[in-house]
Amino acid sequence: MTGLADIARAAGVSISTVSRVLNRRAGVNEATRQRVLGVLADLPYTPRGLGALQRTGVIGLLVPELSNPVFPAFAEALETRAARAGYGSLLCNTRLASLRADGADHNGESRELVEEEYVRMLLARGVEGMVFVSPEITNAEDGGAGYYGKLLADGVQMVFVNGGAPALDVPDVTVDEQVAGYLATRHLVELGHRRIGFVCGPARSLPSRLKRAGWSAALEEAGLPADPGLIAHAPYGAAGGATAMSALLAGPRPSAVICSSDHMALGAMREAHRRGLSVPAELSIVGFDDIPLAAYCSPALTTLAQPIEEMARAAVDELVQRLNPAARRGGGSYSRVFRPKLVVRESTAPPS
């Protein structure tokens with residue numbers, strides 16, 4: 001079992017410096033911080049953390065961002081379910097490092113921690129297991145196991161929510177993104193739309209690729225072309241949605257648009273209004289997530305709802321099973337796929 005003194009000795013720093021790094025306190029320069037984190041990555045550790053010799057009753061919850069209301073909703077549902085199972089939670093906001101809008105590598109005191117660094121700190125604090133919501137592996141271009149494989153080899157129990165990798169024996173709980181893209185597009189086709197655009201997230205984001213597949217399948221089923229010119233990629237968020245909508249409206253205008261998230265849909269709607277287009281009279285818009293604001297914006301947003309409570313329950317229950325060998329089910333991988341629900345509101349209508 002590795003302790004703080006071992007880490008300090010290997011990194012050539014004091015124990016107090018190691019403690020400051022683990023607790024994200026000021027007073028440690030970037031080079032020293034990276035050296036300590038590098039030692040943490042190389043030295044052996046256990047899923048119960050550095051120096052934690054007994055059960056802590058704590059699990060880690062890692063979400064990619066908190067500005068999108070869907071992720072705080074997931075965090076709250078996961079934390080509530082964990083508490084009912086007798087576990088406390090530590091929440092980490094990994095800020096979707098692999099898909100930052102500016103693509104910058106932030107250095108110095110303001111540098112944002114990435115998911116892997118949060119994992120190291122959670123292990124150091126003795127968490128027993130982790131739930132990753134939209135883990136970084138979801139957006140990996142090579143689909144490789146990355147550091148998740150090392151975590152598995154070291155016995156760390158974890159569950160992926162809306163993400164995963166076939167190469168890893170990690171339980172995953174997902175909403176069917178392809179069905180979401182299909183249902184959104186079919187809804188618009190049934191309203192009479194024939195030119196349907198897609199305000200898409202980053203091209204290497206797996207959820208975006210799956211929604212695109214559903215969009216394409218629904219168009220093909222209706223005998224309509226899946227024109228690549230009707231797809232505009234942009235970073236997740238309202239600003240990205242506005243940018244993508246601007247790109248779509250620069251060419252032959254679609255009569256309807258589906259979006260990778262409600263946040264993107266709100267940005268797309270704002271850009272449509274800025275250009276003098278009435279929603280839905282001149283342009284129908286569909287989102288995804290069903291965030292609380294979707295029902296109260298103007299017009300109220302048609303969207304695909306994720307069953308967040310059910311997904312959180314499935315994820316936490318599976319993790320708890322794996323943390324308690326006596327109650328564990330049979331071996332093998334575990335996967336649950338939930339179907340999204342179309343929620344029709346005011347932002348969609350037949351084409352004028």
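What counts, and where the lines are drawn
Residue numbering note: each chain is counted from 1, following its sequence as written. In view of the model being predicted, local features appear only for residues whose pLDDT reaches at least 70, and side-chain atom pairs are presented and counted only at 80 or more, with totals across whole chains, interfaces and linings using the full set of residues. Side-chain descriptors were evaluated using all non-hydrogen atoms of the structure, hydrogens and water having been removed beforehand. To qualify as a helix, a DSSP run of H or I must reach at least 4 residues; to qualify as a strand, a run of E must reach at least 2; elements of each kind are numbered from the N terminus. Throughout, exposure labels follow a simple rule: accessible area from a 1.4 Å probe, protein chains only, divided by the maximum for the residue type, with under 20% read as buried, over 50% as exposed, and the rest as partly exposed. For the area figures, the Shrake-Rupley method with a 1.4 Å probe applies, and any residue is considered shielded solely by the protein chains shown. Axis definition: a line fit to C-alpha positions, over the contact stretch in the case of helices; interaxial angles, taken between N-to-C directions, run 0 to 180 degrees. Any angle that is under 35 degrees is reported as roughly parallel, and any over 145 degrees as roughly antiparallel; angles of 65 to 115 degrees are reported as roughly perpendicular and all others as oblique. Crossing chirality is assigned from the near helix's rotation relative to the far helix, an anticlockwise turn below a right angle marking it left-handed and a clockwise turn marking it right-handed. Throughout, a contact is declared for two residues whenever any of their heavy atoms are within 4.5 Å. In this count, Pro and Cys sit with the nonpolar residues alongside Ala, Val, Leu, Ile, Met, Phe, Trp and Tyr, while Asp, Glu, Lys and Arg are called charged and the others, Gly among them, polar. Under the convention used throughout, the expected extent of a helix is 1.5 Å for every residue step, that is, one less than its residue count. The directions considered for the arc run from the helix axis to the C-beta atoms. Stacked, tilted and edge-to-face are the three classes assigned to paired rings of Phe, Tyr and Trp, where Trp is represented by its six-membered ring and a pair needs centres within 6.5 Å; plane angles under 30 degrees give stacked, over 60 edge-to-face, the rest tilted. Distance and angle both matter: a charge sits over a ring if NZ of Lys or CZ of Arg is within 6 Å of the ring centre and within 35 degrees of the ring normal. Take a side-chain nitrogen of Lys or Arg and a carboxyl oxygen of Asp or Glu: if they are within 4 Å of each other, that pair is a salt bridge.

(A) Broad picture of the overall build of the protein. Scanning the protein for helices and strands turns up eleven helices and twelve strands. Buried positions account for 53% of the 352 residues belonging to the protein. Counting every atom, the protein has about 15,000 Å² of accessible surface; 51% of that belongs to carbon and sulfur.

(B) Highlighting the packing of helix α7 (residues 177–191) against helix α8 (residues 206–221). Between α7 and α8, the shortest axis-to-axis distance is 6 Å and the interhelical angle comes to 40°. It follows from the interaxial angle that α7 and α8 lie oblique. The two elements α7 and α8 cross, and the hand of that crossing is right-handed. Counted together, E177, Q178, G181, Y182, T185 and R186 of α7 and P207, L210, K211, A213, G214, W215, A217, A218, L219 and E221 of α8 form the full contact between these two elements. Class assignment for the residues of the contact of α7 with α8 results in eight nonpolar, four polar and four charged.

(C) Layout of the environment of A314. With respect to the helices and strands, the residue A314 is situated in helix α11 (residues 308–323). Distance from A314 to S335, taken between C-alpha atoms, is 9.6 Å for residues 21 residues apart in sequence. Ignoring any residue separated from it by four or fewer positions in sequence, one finds A314 in contact with V173, Y334, R336 and F338.

(D) Broad picture of α8. Along its 16 residues, α8 runs 23 Å from first to last C-alpha, staying within 8% of the 22 Å computed at 1.5 Å per residue. Every buried residue of α8 is listed here: P207, S208, K211, G214, W215, A218 and L219. Buried residues in α8, looked at end-on, bunch into an arc of 135°, giving them a common side. Exposed and oriented more than 90 degrees from the buried face of α8 are E220 and E221. As for α8, its buried residues are in contact with α7, β6 (196–200), β7 (231–233) and β8 (256–259).

(E) Main features of the packing of aromatic side chains. A complete count under the given rule lists four aromatic pairs for this structure. Judged by centre distance (5.5 Å) and plane angle (75°), the ring pair of F132 and Y148 falls under edge-to-face. Here F132 is found in strand β3 (residues 129–133), whereas its partner Y148 is found in helix α6 (residues 146–153), with 16 residues between them in sequence. The buried category is assigned to F132, whose relative accessible area is 0%. Judged by its relative accessible area of 2%, Y148 is buried. Measuring from ring centre to ring centre gives 5.2 Å for Y148 and F160, while their planes differ by 85°; the resulting arrangement is edge-to-face. Taken together, the positions of Y148 in helix α6 and F160 in strand β4 (residues 157–161) put the pair twelve residues apart, joining distant regions of the chain. Of the residues examined, F160 reaches a relative accessible area of 0% and is grouped as buried. Clustering of aromatic rings is evident, with ring pairs tying together F132, Y148 and F160. Cation over ring: K211 sits above F288, and NZ or CZ is 4.0 Å from the ring centre.

(F) Layout of the pattern of salt bridges. Per the counting criterion, the structure on display carries ten salt bridges. Measuring nitrogen to oxygen at the nearest pair gives 2.9 Å for the salt bridge that ties R81 to D317. Of this pair, R81 sits in helix α4 (residues 70–84) while D317 is found in helix α11, placing the two residues 236 residues apart along the sequence. Of the charged contacts, one joins R275 and E271 as a salt bridge, the two residues approaching to 2.8 Å between their closest N and O atoms. Residue classification places R275 among the partly exposed positions, given a relative accessible area of 38%.

(G) Representation of unusual backbone geometry within the structure. Here V279 and P280 are connected by a cis peptide whose omega angle stands at 5°. Position of P280 among the secondary structure elements: in the loop between α10 (262–274) and β9 (284–286). Residue S298 is joined to P299 through a cis peptide bond whose omega torsion reads 0°. When you line up the elements, P299 lands in the loop between β9 and β10 (303–305). Positive phi outside glycine occurs at S134, with the angle close to 50°. The residue S134 is located in the loop between β3 and α6 in this model. The buried category is assigned to S134, whose relative accessible area is 17%.

These figures come from the coordinates and say nothing about function on their own.
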